[in-house]
Amino acid sequence: MSQLWNPAKSVLENLPDDFKSKLSLDTKAIATRHVHPGTEPLVPPITHSSTYLMTSVDDYLRILKESGYTYGRLGTPNSDAVECAINALEEGAGTLVFGSGTAAICAALICFLKAEDHVVCQNHCYSATYDMLDEILAKFGVETSWVPAGCSVEEYRKKIKPNTKLLYGETPFNPTLTILDLQEFGQLGASEGIITIVDGTFASPFCQQSLKFGIDISMHSCTKYLGGHSDLMAGCLTFKKAEHWKMMKRYQSTLGMQLSPHDASLLLRAIKTIHVRMPRHASNAMKIAAFLEKHPKVEFARFPGLESHPQHALAKKQMTCYSGMIAVEIKGGIDCAKAFAENLHLAQLAVSLGDVETLVEHPATMTHGPMIMSDEEREECGITPGMVRLSIGLEDPDDLIRDFQQALDKVNA
C-alpha cells in the first residue's frame, strides 16, 4: 500500500509558484505545516499550540459564539476531551477542568460568592478551602459559619442566614472518613435556594455521583483517584445546571485556570481505567481494614465499607463502592503511629492519595499538622495523635497485610 502513497505535503505547496519560489529557508523553517490527511487518531493528540489558525477575520467571533478554538487559555481539544469523559461519569450538564484541585475550589468560591454573602462549611475541611474562606475571601467581606465535619445536615440548616449563598461539604471527609448525607444536603440547598458544593475527592466519581442526589456542583481533585498514578495535577467541577457551567467558564478563562494539554491527556488516559482500578482499591481496602481493626495494637480502623463504621448504612446508600481510604488509630499515641508509618516496606510515606501504589501519612504532623491546624482544632475534628491515613493501592492485599503486620510488630504500644 505504501507504494501508492505520496510524500507528505506542506501547506506552502498550495501557494502561487511565483510567491513560493522566492521564500527563504528562514521562512520555510517556520511556515511549513503538514496538510492533514483527513483521518482521525484513536487517541487525541496532545495539542501544545497556544493559538489557532482561522481562515477569515470573522471566524474569531463565530468561534466565540458557537464553538472551536482561538487561544489556549479559553480551551483546548485536550481539555474538552477530558471534560467530556468526566461529565459522562458524573452525569452532569457540563464539566470544567483546572490546573489543580485547589484551583477548582478557589474558582468556584470566587465565581459564586461576593461581598456580604454568607457560606456554611464544615470544619475542618481541605486546608486550601479553609484558607480561602477564613482568610482570603473574608478580606473581601464574605462571611463563613462552620459546622463539625460529619454532622447532620440539620446543623447546616441552623447556620443559614438570609444572605447565605453557598453550602459546602466533603464526603468522605479527610482524614477521619465521616460521611455527609448527600440527599439531605441537596434537598436543603434546593429548598432554600442555596447552591451546594461537595468535594468528593476521597470517593471519585466512580464510587459516588453527587449530582444524582441533588447537589449543584461536584468537585474533585483529579490529581487523586481520577488521575490515579501520581503523575499529574488537575481539578474539576461538574455542574447540575448548564447556567452554572457558563458562569464558571467565564471565570475560569479570566482567571487563567485552564488545565495544560499535557496533563489533560494524562488524565484522559487514566480515566479509561478507573472502572478497573476503583473496585480493586475498594476490595483491597476492605480486606486490609478488616485485618487492622482486629489487630491488638490498633484502637480502631475507619473504613466506610466496614459495618463498624458509625455511618456505614449511609455510605452504603450513596456510594457504589467504598474507595481505598482507611483511617487507623495506632495504640500508644504519636510515637507509635510514627513508628508504624516509618517501618513499612511496600507502603510509601508520602502525602496525596488515590495512587496505584499504597501511600501512608501521619495527619497530625503532616497534612493536618502544626503548619495547618492547632492542637485544639485537630482535637475538635477528631484527628488524634495516633491516627495514620492509608491510601490503599493495587498491590496484592496479602502482601500489604504482611507489610502492615511487620510494621506493627515494631510498634511498642
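For the structure itself, look to the data block above.
Residues numbered from 1 in each chain as written. Predicted model: local features only at pLDDT ≥ 70, side-chain atom pairs only at ≥ 80, totals over all residues. Heavy atoms only, no water.

## Re the overall build of the chain
Line of reasoning, step 1. Within the chain, the regular secondary structure consists of 16 helices and 12 strands.
Line of reasoning, step 2. Judged by the C-alpha coordinates and their principal axes, the chain covers about 85 × 55 × 35 Å.
Line of reasoning, step 3. Here the contacts in the chain between residues at least 6 apart in sequence split such that 70% fall between residues at least 24 apart.
Line of reasoning, step 4. For the chain, the accessible area works out to roughly 19700 Å², and carbon and sulfur atoms hold 55% of it.
Line of reasoning, step 5. Across the chain, the 38 positively charged side chains and the 49 negatively charged ones have centroids separated by 5 Å. (Helix = DSSP H or I, 4+ residues; strand = E, 2+ residues; numbered from the N terminus. Contact = heavy atoms within 4.5 Å. Areas by Shrake-Rupley, 256 points an atom, 1.4 Å probe, with all protein chains shown as cover. Lys, Arg positive; Asp, Glu negative; His and termini not counted. Charge placed at Lys NZ, Arg CZ, Asp CG, Glu CD.)

## A few points about helix 12 (residues 274–293)
Line of reasoning, step 1. The end-to-end C-alpha distance of helix 12 is 28 Å, a good match for the 28 Å that 20 residues give at a rise of 1.5 Å each.
Line of reasoning, step 2. Residues of helix 12 that are buried include every one of Ile 274, Arg 277, Met 278, His 281, Ala 282, Asn 284, Ala 285, Ile 288, Ala 289, Phe 291 and Leu 292, and no others. (Expected span 1.5 Å × (residues − 1). Buried < 20%, exposed > 50% of the residue type's maximum accessible area, 1.4 Å probe, protein only.)

## Regarding a nonpolar patch on the surface
Line of reasoning, step 1. A cluster of nonpolar side chains, namely Met 54, Tyr 60, Leu 61 and Leu 64, defines an oily patch on the protein surface of about 370 Å² accessible area.
Line of reasoning, step 2. Here Met 54 shows up in the loop between helix 2 (25–31) and helix 3 (59–65). (Patch = residues over 30% accessible without salt bridge, like charges linked within 9 Å, V, L, I, M, F, W, Y side chains within 5 Å. Salt bridge = Lys/Arg side-chain N within 4 Å of Asp/Glu carboxyl O.)

## Things to note about the sheet that holds strand 2 (residues 118–123)
Line of reasoning, step 1. A sheet is described by the order of its strands in space; here seven strands give the open sequence 1-7-6-5-4-2-3, paired in mixed fashion. In this open sheet, the two strands that pair with only one neighbour each are strand 1 (94–98) and strand 3 (143–148). Going from strand to strand, the sheet's axes swing by 20 degrees on average, the running direction of each strand aside.
Line of reasoning, step 2. One ladder, built from five bridges, connects strand 1 with strand 7 (residues 235–239); its direction is antiparallel. Within the sheet, the bridge partner assigned to Val 97 lies in strand 7 and is Cys 236.
Line of reasoning, step 3. Contacts from helix 5 (residues 101–112) reach strand 1, strand 4 (164–170), strand 5 (195–199), strand 6 (217–221) and strand 7, with the element oriented near 40 degrees to strand 7. (Pairing = 2+ DSSP bridges. Axes fitted to C-alpha atoms, helices over the stretch in contact; angles between N-to-C directions.)

## Description of the pattern of salt bridges
Side-chain pairs of opposite charge can arise whenever the charged atoms involved come near each other.
Line of reasoning, step 1. One pass over the structure, following the stated rule, counts 14 salt bridges.
Line of reasoning, step 2. Connected through shared salt-bridge partners, Asp 59, Arg 62 and Glu 66 make up one network.

## Some thoughts on the sheet that holds strand 9 (residues 325–330)
Through backbone hydrogen bonds, the strands of a sheet pair up, either in parallel or in antiparallel fashion.
Line of reasoning, step 1. Taking strand neighbours across the sheet as the criterion, the five strands line up as 8-9-12-11-10 in an open arrangement whose pairing is mixed. Taken across any chain shown, the strands that pair with only one partner, and hence form the sheet edges, are strand 8 (298–302) and strand 10 (348–349).
Line of reasoning, step 2. Relative to the sheet, helix 14 (residues 334–342) contacts strand 9, strand 10, strand 11 (359–361) and strand 12 (387–391), its axis offset from that of strand 9 by approximately 130 degrees.

## Some words on the packing of helix 12 against helix 16 (residues 397–409)
Line of reasoning, step 1. Where helix 12 meets helix 16, the axes come as close as 10 Å, and the angle between the chain directions of the two elements is 35 degrees. Note that helix 12 runs across helix 16; the crossing there is right-handed. Taking contact as the criterion, the partners of Arg 280, Asn 284, Lys 287, Ile 288, Phe 291 and Leu 292 in helix 12 are, on helix 16, Pro 397, Asp 398, Leu 400, Ile 401, Phe 404, Gln 405 and Leu 408.
Line of reasoning, step 2. By residue class, the composition of the contact of helix 12 with helix 16 is eight nonpolar, two polar and three charged. (Left-handed = near helix turned anticlockwise from the far one by under 90°. Nonpolar A, V, L, I, M, F, W, Y, C, P; charged D, E, K, R; others polar.)

## Considering the packing of aromatic side chains
Line of reasoning, step 1. Across all of its chains, the model carries five aromatic pairs by this definition.
Line of reasoning, step 2. Ring centres 5.5 Å apart and planes at 35 degrees place the aromatic pair Tyr 52 and Tyr 69 in the tilted group. With Tyr 52 in the loop between helix 2 and helix 3 and Tyr 69 in the loop between helix 3 and helix 4 (77–90), this residue pair connects regions lying 17 residues apart in the sequence.
Line of reasoning, step 3. Since its relative accessible area comes to 25%, Tyr 69 is described here as partly exposed.
Line of reasoning, step 4. Ring centres 4.9 Å apart and planes at 65 degrees place the aromatic pair Tyr 156 and Phe 185 in the edge-to-face group. One end of the pair, Tyr 156, is in helix 7 (residues 153–159); the other, Phe 185, is in helix 8 (residues 182–192), and 29 residues separate them in sequence. Neither Tyr 156 nor Phe 185 differs from the other in exposure class; each is buried.
Line of reasoning, step 5. The side chain of Arg 302 reaches across the aromatic face of Phe 300, ending 4.4 Å from its centre. (Phe/Tyr/Trp six-rings, centres within 6.5 Å; stacked < 30°, edge-to-face > 60°. Lys NZ or Arg CZ within 6 Å of the ring centre and 35° of its normal.)

Read these as geometric descriptors, not functional statements.
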